[in-house]
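Okay, here's what each chain looks like letter by letter:
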Amino acid sequence: MINVITKVEGFILNTTNYGESSLVINILTKEYGIIGLMAKGAKSIKNKLHALTMKFTYGFFYIYYKENKLSILSDVDIIEPFKNIHQDLTKISYLTYICDLTNQVYRESNEKDIYDLFINTVYKLNEGLNPIVLANILETKYLNYLGVGINLDSCLRCGSTKNIVTIIDGGLLCRDCYYNEPIKDLKMIKLLRMYELIDIRSINNINISKNLIDDINEFLNDYYDRYTGLYLKSKKFLDKIKDSMME
Ligand SMILES: [Zn+2]
(Lines give C-alpha, C1' and ligand atoms only; values in the text may rest on other atoms or scores of the structure.)
Protein backbone atom coordinates (compact mmCIF):
# COMPACT_ATOMS: atom_id res chain seq x y z
CA MET A 1 0.00 0.00 0.00
CA ILE A 2 1.32 3.38 -0.99
CA ASN A 3 0.40 6.44 1.01
CA VAL A 4 0.33 9.71 -0.89
CA ILE A 5 0.81 13.04 0.86
CA THR A 6 -1.65 15.62 -0.36
CA LYS A 7 -1.77 19.33 0.51
CA VAL A 8 -5.29 20.66 1.03
CA GLU A 9 -6.46 24.17 1.92
CA GLY A 10 -9.18 24.05 4.55
CA PHE A 11 -10.85 25.31 7.70
CA ILE A 12 -11.64 23.15 10.76
CA LEU A 13 -15.40 23.33 11.35
CA ASN A 14 -15.42 20.99 14.32
CA THR A 15 -13.56 18.17 16.00
CA THR A 16 -14.57 14.99 17.81
CA ASN A 17 -12.63 12.81 20.19
CA TYR A 18 -11.28 9.54 18.89
CA GLY A 19 -10.18 7.14 21.57
CA GLU A 20 -8.02 8.33 24.45
CA SER A 21 -5.60 10.55 22.61
CA SER A 22 -6.70 11.25 19.06
CA LEU A 23 -9.11 13.59 17.30
CA VAL A 24 -11.12 13.44 14.14
CA ILE A 25 -11.22 16.90 12.59
CA ASN A 26 -13.87 17.88 10.08
CA ILE A 27 -12.56 20.41 7.62
CA LEU A 28 -14.22 22.39 4.91
CA THR A 29 -11.97 22.32 1.85
CA LYS A 30 -12.22 24.05 -1.46
CA GLU A 31 -11.41 20.98 -3.50
CA TYR A 32 -12.98 18.07 -1.64
CA GLY A 33 -15.88 19.56 0.28
CA ILE A 34 -16.12 18.54 3.94
CA ILE A 35 -13.69 15.79 4.88
CA GLY A 36 -12.81 14.02 8.12
CA LEU A 37 -9.17 13.52 9.07
CA MET A 38 -7.60 11.51 11.82
CA ALA A 39 -5.18 13.55 13.94
CA LYS A 40 -3.27 10.91 15.87
CA GLY A 41 -2.25 11.91 19.38
CA ALA A 42 -3.63 15.44 18.93
CA LYS A 43 -5.38 15.48 22.31
CA SER A 44 -2.03 15.45 24.07
CA ILE A 45 -0.54 18.91 24.61
CA LYS A 46 2.90 17.46 23.94
CA ASN A 47 1.88 16.43 20.44
CA LYS A 48 2.80 18.89 17.68
CA LEU A 49 -0.68 18.49 16.16
CA HIS A 50 -2.37 19.65 19.37
CA ALA A 51 -2.13 23.39 18.65
CA LEU A 52 -2.72 22.86 14.95
CA THR A 53 -6.01 21.03 15.22
CA MET A 54 -8.04 23.50 17.25
CA LYS A 55 -11.51 24.29 15.98
CA PHE A 56 -11.42 27.22 13.48
CA THR A 57 -7.87 26.54 12.30
CA TYR A 58 -7.41 27.83 8.76
CA GLY A 59 -4.45 26.44 6.88
CA PHE A 60 -2.90 24.00 4.51
CA PHE A 61 -3.39 20.46 5.74
CA TYR A 62 -0.88 17.81 4.75
CA ILE A 63 -2.57 14.45 4.68
CA TYR A 64 -1.85 10.82 3.96
CA TYR A 65 -4.71 10.06 1.69
CA LYS A 66 -6.28 6.66 2.23
CA GLU A 67 -8.90 5.43 -0.08
CA ASN A 68 -12.13 4.31 1.62
CA LYS A 69 -10.61 5.04 5.01
CA LEU A 70 -10.16 8.03 7.25
CA SER A 71 -7.14 9.90 5.91
CA ILE A 72 -4.38 10.76 8.35
CA LEU A 73 -3.29 14.31 9.16
CA SER A 74 0.46 14.75 9.03
CA ASP A 75 1.03 18.50 9.46
CA VAL A 76 -0.61 21.92 9.14
CA ASP A 77 0.67 25.30 7.88
CA ILE A 78 -1.51 28.06 9.31
CA ILE A 79 -2.63 30.54 6.65
CA GLU A 80 -4.25 33.09 8.97
CA PRO A 81 -4.70 32.77 12.75
CA PHE A 82 -7.70 35.15 13.00
CA LYS A 83 -6.40 36.49 16.31
CA ASN A 84 -9.09 39.15 16.72
CA ILE A 85 -11.82 36.53 16.59
CA HIS A 86 -10.16 34.35 19.21
CA GLN A 87 -9.95 37.28 21.63
CA ASP A 88 -13.65 38.11 21.47
CA LEU A 89 -16.46 35.90 22.73
CA THR A 90 -19.10 37.55 20.55
CA LYS A 91 -17.02 36.99 17.43
CA ILE A 92 -16.40 33.39 18.48
CA SER A 93 -20.16 32.89 18.87
CA TYR A 94 -20.78 34.25 15.39
CA LEU A 95 -18.03 32.13 13.93
CA THR A 96 -19.55 29.07 15.63
CA TYR A 97 -22.85 29.92 13.99
CA ILE A 98 -21.49 30.51 10.49
CA CYS A 99 -19.54 27.23 10.71
CA ASP A 100 -22.75 25.43 11.70
CA LEU A 101 -24.68 27.15 8.90
CA THR A 102 -21.99 26.50 6.28
CA ASN A 103 -21.74 22.86 7.33
CA GLN A 104 -25.48 22.40 6.83
CA VAL A 105 -25.67 24.38 3.58
CA TYR A 106 -22.72 22.47 2.15
CA ARG A 107 -24.43 19.16 2.86
CA GLU A 108 -27.42 20.34 0.79
CA SER A 109 -25.44 21.85 -2.06
CA ASN A 110 -21.76 21.16 -2.55
CA GLU A 111 -21.03 24.18 -4.70
CA LYS A 112 -17.38 25.22 -4.52
CA ASP A 113 -18.29 28.92 -4.26
CA ILE A 114 -19.55 28.29 -0.73
CA TYR A 115 -15.97 27.85 0.44
CA ASP A 116 -14.90 31.32 -0.73
CA LEU A 117 -18.03 32.99 0.63
CA PHE A 118 -17.36 31.40 3.99
CA ILE A 119 -13.63 32.23 4.18
CA ASN A 120 -14.20 35.83 3.01
CA THR A 121 -16.80 36.27 5.75
CA VAL A 122 -14.39 34.95 8.40
CA TYR A 123 -11.77 37.49 7.27
CA LYS A 124 -14.31 40.32 7.63
CA LEU A 125 -15.39 39.09 11.05
CA ASN A 126 -11.75 39.18 12.08
CA GLU A 127 -11.44 42.74 10.73
CA GLY A 128 -14.19 43.78 13.12
CA LEU A 129 -17.15 44.42 10.81
CA ASN A 130 -20.63 44.04 12.30
CA PRO A 131 -21.11 40.29 12.85
CA ILE A 132 -24.92 40.36 12.53
CA VAL A 133 -24.72 42.05 9.13
CA LEU A 134 -21.99 39.66 7.99
CA ALA A 135 -24.03 36.64 9.08
CA ASN A 136 -27.11 38.07 7.32
CA ILE A 137 -25.16 38.65 4.08
CA LEU A 138 -23.94 35.07 4.15
CA GLU A 139 -27.46 33.79 4.92
CA THR A 140 -28.90 35.78 2.01
CA LYS A 141 -26.31 34.40 -0.41
CA TYR A 142 -26.70 30.82 0.84
CA LEU A 143 -30.47 30.86 0.16
CA ASN A 144 -29.72 30.65 -3.55
CA TYR A 145 -27.62 27.52 -2.98
CA LEU A 146 -30.48 26.04 -0.98
CA GLY A 147 -32.79 26.68 -3.92
CA VAL A 148 -35.03 29.09 -1.98
CA GLY A 149 -33.70 32.54 -2.91
CA ILE A 150 -35.90 35.46 -1.83
CA ASN A 151 -38.08 36.97 -4.52
CA LEU A 152 -37.26 40.67 -4.24
CA ASP A 153 -38.85 41.69 -7.52
CA SER A 154 -42.55 41.01 -7.27
CA CYS A 155 -45.51 40.59 -4.96
CA LEU A 156 -45.56 37.28 -3.15
CA ARG A 157 -49.29 36.80 -3.72
CA CYS A 158 -50.09 38.16 -7.20
CA GLY A 159 -46.70 38.61 -8.84
CA SER A 160 -47.15 42.32 -9.54
CA THR A 161 -43.96 44.38 -9.60
CA LYS A 162 -45.83 47.64 -8.92
CA ASN A 163 -46.96 49.40 -5.75
CA ILE A 164 -45.00 47.26 -3.31
CA VAL A 165 -45.97 48.40 0.19
CA THR A 166 -44.19 46.09 2.59
CA ILE A 167 -42.02 43.02 3.06
CA ILE A 168 -43.41 40.21 5.20
CA ASP A 169 -42.17 36.74 6.18
CA GLY A 170 -42.13 35.23 2.72
CA GLY A 171 -41.42 38.25 0.52
CA LEU A 172 -42.95 41.43 -0.92
CA LEU A 173 -46.55 42.50 -0.78
CA CYS A 174 -48.29 44.93 -3.17
CA ARG A 175 -51.04 47.43 -2.33
CA ASP A 176 -53.81 45.21 -3.74
CA CYS A 177 -52.78 42.17 -1.73
CA TYR A 178 -52.09 44.05 1.46
CA TYR A 179 -54.50 43.26 4.26
CA ASN A 180 -53.20 44.39 7.64
CA GLU A 181 -49.67 43.02 7.74
CA PRO A 182 -46.98 45.05 9.52
CA ILE A 183 -45.53 47.85 7.40
CA LYS A 184 -41.76 47.54 7.11
CA ASP A 185 -39.19 50.03 5.87
CA LEU A 186 -38.76 49.38 2.13
CA LYS A 187 -35.04 50.07 2.52
CA MET A 188 -34.95 46.44 3.65
CA ILE A 189 -35.57 45.34 0.06
CA LYS A 190 -32.69 47.41 -1.26
CA LEU A 191 -30.39 46.11 1.46
CA LEU A 192 -31.35 42.47 0.93
CA ARG A 193 -30.68 42.90 -2.78
CA MET A 194 -27.31 44.39 -1.93
CA TYR A 195 -26.58 41.49 0.49
CA GLU A 196 -27.29 39.07 -2.33
CA LEU A 197 -25.02 40.76 -4.85
CA ILE A 198 -22.15 42.33 -2.95
CA ASP A 199 -18.67 40.82 -3.08
CA ILE A 200 -17.89 40.24 0.62
CA ARG A 201 -14.21 41.08 0.06
CA SER A 202 -15.18 44.60 -1.02
CA ILE A 203 -16.96 45.53 2.24
CA ASN A 204 -14.89 47.98 4.29
CA ASN A 205 -17.45 49.53 6.56
CA ILE A 206 -21.08 48.98 7.38
CA ASN A 207 -23.39 51.88 8.08
CA ILE A 208 -26.92 50.60 8.61
CA SER A 209 -29.29 51.67 11.40
CA LYS A 210 -29.89 49.28 14.27
CA ASN A 211 -33.61 49.05 13.47
CA LEU A 212 -32.96 47.98 9.90
CA ILE A 213 -30.33 45.48 11.00
CA ASP A 214 -32.80 43.99 13.50
CA ASP A 215 -35.64 43.87 10.95
CA ILE A 216 -33.49 42.14 8.35
CA ASN A 217 -32.14 39.68 10.88
CA GLU A 218 -35.66 38.84 12.02
CA PHE A 219 -36.84 38.51 8.41
CA LEU A 220 -34.01 36.09 7.62
CA ASN A 221 -34.62 34.05 10.78
CA ASP A 222 -38.28 33.60 9.83
CA TYR A 223 -37.36 32.87 6.22
CA TYR A 224 -34.84 30.20 7.24
CA ASP A 225 -37.35 28.59 9.62
CA ARG A 226 -40.04 28.56 6.98
CA TYR A 227 -38.22 27.58 3.79
CA THR A 228 -34.88 25.91 4.41
CA GLY A 229 -35.61 23.02 6.76
CA LEU A 230 -32.30 23.72 8.52
CA TYR A 231 -32.18 23.70 12.29
CA LEU A 232 -29.65 26.22 13.54
CA LYS A 233 -29.39 26.01 17.30
CA SER A 234 -26.35 28.30 17.35
CA LYS A 235 -28.41 31.08 15.72
CA LYS A 236 -31.03 30.94 18.46
CA PHE A 237 -28.23 31.47 20.94
CA LEU A 238 -26.92 34.46 18.99
CA ASP A 239 -30.28 36.15 19.04
CA LYS A 240 -30.17 35.98 22.82
CA ILE A 241 -26.80 37.73 23.06
CA LYS A 242 -27.40 40.12 20.13
CA ASP A 243 -28.91 42.99 22.08
CA SER A 244 -26.14 43.04 24.64
CA MET A 245 -23.49 43.54 21.96
CA MET A 246 -25.05 46.29 19.88
CA GLU A 247 -24.14 49.71 21.21
ZN1 LIG B 1 -50.01 41.53 -4.99
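Scroll up a little and you will see the structure.
In short, a report on the structure.

Conventions and cut-offs
Residues numbered from 1 in each chain as written. Predicted model: local features only at pLDDT ≥ 70, side-chain atom pairs only at ≥ 80, totals over all residues. Pairing = 2+ DSSP bridges. Helix = DSSP H or I, 4+ residues; strand = E, 2+ residues; numbered from the N terminus. Axes fitted to C-alpha atoms, helices over the stretch in contact; angles between N-to-C directions. Contact = placed C-beta atoms within 7 Å.

### Some words on the sheet that holds strand β1 (residues 4-18)
Line of reasoning, step 1. Judged by pairing direction, the barrel is mixed, and its 5 strands sit side by side in the order β1-β2-β3-β5-β4 before closing back on the first. For this sheet the average axis-to-axis angle between neighbouring strands, irrespective of direction, equals 55°.
Line of reasoning, step 2. When strand β4 (residues 58-65) meets strand β5 (residues 71-78), the two strands line up antiparallel, connected through 6 bridges. Bridge assignment links G59 to a residue of β5, and that residue is I78.

### Some words on unusual backbone geometry
Line of reasoning, step 1. With a phi angle near 75°, F56 is a residue other than glycine that sits in the positive phi range.
Line of reasoning, step 2. The residue F56 is located in the loop between β3 (33-39) and β4 in this model.
Line of reasoning, step 3. Positive phi values are uncommon outside glycine, yet F82 reaches one of about 50°.
Line of reasoning, step 4. Of note, F82 is situated in the loop between β5 and α1 (83-86).

### A look at the environment of M38
Line of reasoning, step 1. Assignment of secondary structure puts M38 in strand β3.
Line of reasoning, step 2. Beyond its immediate sequence surroundings of up to four residues, M38 is in contact with Y18, S22, V24, L70, I72 and L73.

The analysis is restricted to geometry; functional conclusions fall outside its scope.
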